[in-house]
Amino acid sequence: TQLLKQSPQFLSIQEGENLTVYCNSSSVFSSLQWYRQEPGEGPVLLVTVVTGGEVKKLKRLTFQFGDARKDSSLHITAAQPGDTGLYLCAYRTSNTGNQFYFGTGTSLTVIP
Amino acid sequence: KAGVTQTPRYLIKTRGQQVTLSCSPISGHRSVSWYQQTPGQGLQFLFEYFSETQRNKGNFPGRFSGRQFSNSRSEMNVSTLELGDSALYLCASSPWTGSNQPQHFGDGTRLSIL
């Protein structure tokens, strides 16, 4: 069961363009994490969002946690080829059998 | 500070064999989690170990098992390999266990089943 749905699944854009990727669920999260995975490597944590409505900026990346804590978005301004990778959102359940769930991922390609 | 180290990086096995993968966490990290990543299913949680005890387990058959040693190093074993076990197996460590703990991933072991 995919509890975290990401869109779009694939995205190919020109260098300098802006883009937004989304992470949606019907569940409420206490926190959400965003990771980027480059080819041949493991995912690397970008940010953790905790509070509904929270906005966090990491250079050209802006992360937003929905007010109801059911969704999140990642906006990249003036994309660069170095932004190419698989973007994953993830959360950890706090109930019995708590484990990390990762989203379906958005594969981003930035063309020079 | 050394990152998470996974060995081997690549492995080729045949159906019916078994395999053991190794993970050395970041020094001081006590939680180690294992994940399977495939193009069709994405990243799926296998299990988490903390202080040599399995804390959580994902929805995988009993052929998948693991253990953690007193130095926090972890191994994952898959028995009676099937073609569908071909995947990238990722290990992640964190200082503690908990919902806000960031996962520090290794670069994975690419397992191919012939």
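It should be noted that the structure appears before, not after, this text.
Report on the accompanying structure.

So, on to the environment of A:Leu108. With respect to the helices and strands, A:Leu108 occurs in strand S11 (residues 106–111). Ignoring any residue separated from it by four or fewer positions in sequence, one finds A:Leu108 in contact with A:Leu11, A:Ile13, A:Leu19, A:Ile76, A:Asp83, A:Thr84, A:Gly85 and A:Tyr87.

In this section: the sheet that holds strand S1 (residues 5–7) of chain B. Residue and element names in this part refer to chain B. Pairing is antiparallel across the open sheet formed by 4 strands, whose spatial order is S1-S3-S8-S7. Single-partner strands in this sheet number two, and they are S1 and strand S7 (64–68). Averaged over all pairs of adjacent strands, the angle between their axes in this sheet comes to 20°, without regard to strand direction.

A separate point is the interface of chain A and chain B. Taken together, the contacts link 21 residues of chain A with 22 residues of chain B. Contact between chain A and chain B buries roughly 1600 Å² in total, counting both sides, with carbon and sulfur atoms accounting for 47%. Taken together, the links from chain A to chain B amount to 4 residue pairs in polar contact (both at pLDDT 80 or more). Of all elements in the fold, only strand S4 (32–37), strand S5 (44–49), strand S9 (85–92) and strand S10 (100–102) of chain A reach the threshold of two or more residues within the side of chain A that touches chain B.

Reading the values: the criteria
- Residue positions are given per chain, counted from 1 along the sequence in the order it is written.
- The order in which chains are written sets their letters, starting at A; the order in which ligands are written sets their numbers, starting at 1.
- Residue-level local features of this predicted model are given only where pLDDT is at least 70; pairs of side-chain atoms are given and counted only at 80 or more, and the full residue set underlies all totals for whole chains, interfaces and linings.
- Computation of side-chain values covers all heavy atoms of the structure but excludes hydrogens and water.
- Under the DSSP-based scheme used, a helix requires at least four consecutive residues in state H or I and a strand at least two consecutive residues in state E, with every element numbered from the N terminus.
- Note on contacts: a residue pair qualifies if any of its non-hydrogen atoms lie within 4.5 Å across the two residues.
- Note: two strands are recorded as paired if DSSP finds a minimum of 2 bridges between them.
- The axes used here are C-alpha line fits, helices contributing only the stretch in contact, and every angle between their N-to-C directions lies in the interval 0 to 180 degrees.
- Buried area counts how much accessible surface, traced with a 1.4 Å probe, disappears from two parts once they are put together, with both parts' losses summed.
- What qualifies as a polar contact is a pair of N or O atoms within 3.5 Å, subject to a donor-acceptor requirement within protein and to the restriction that residues adjacent in sequence count only when both atoms come from side chains.

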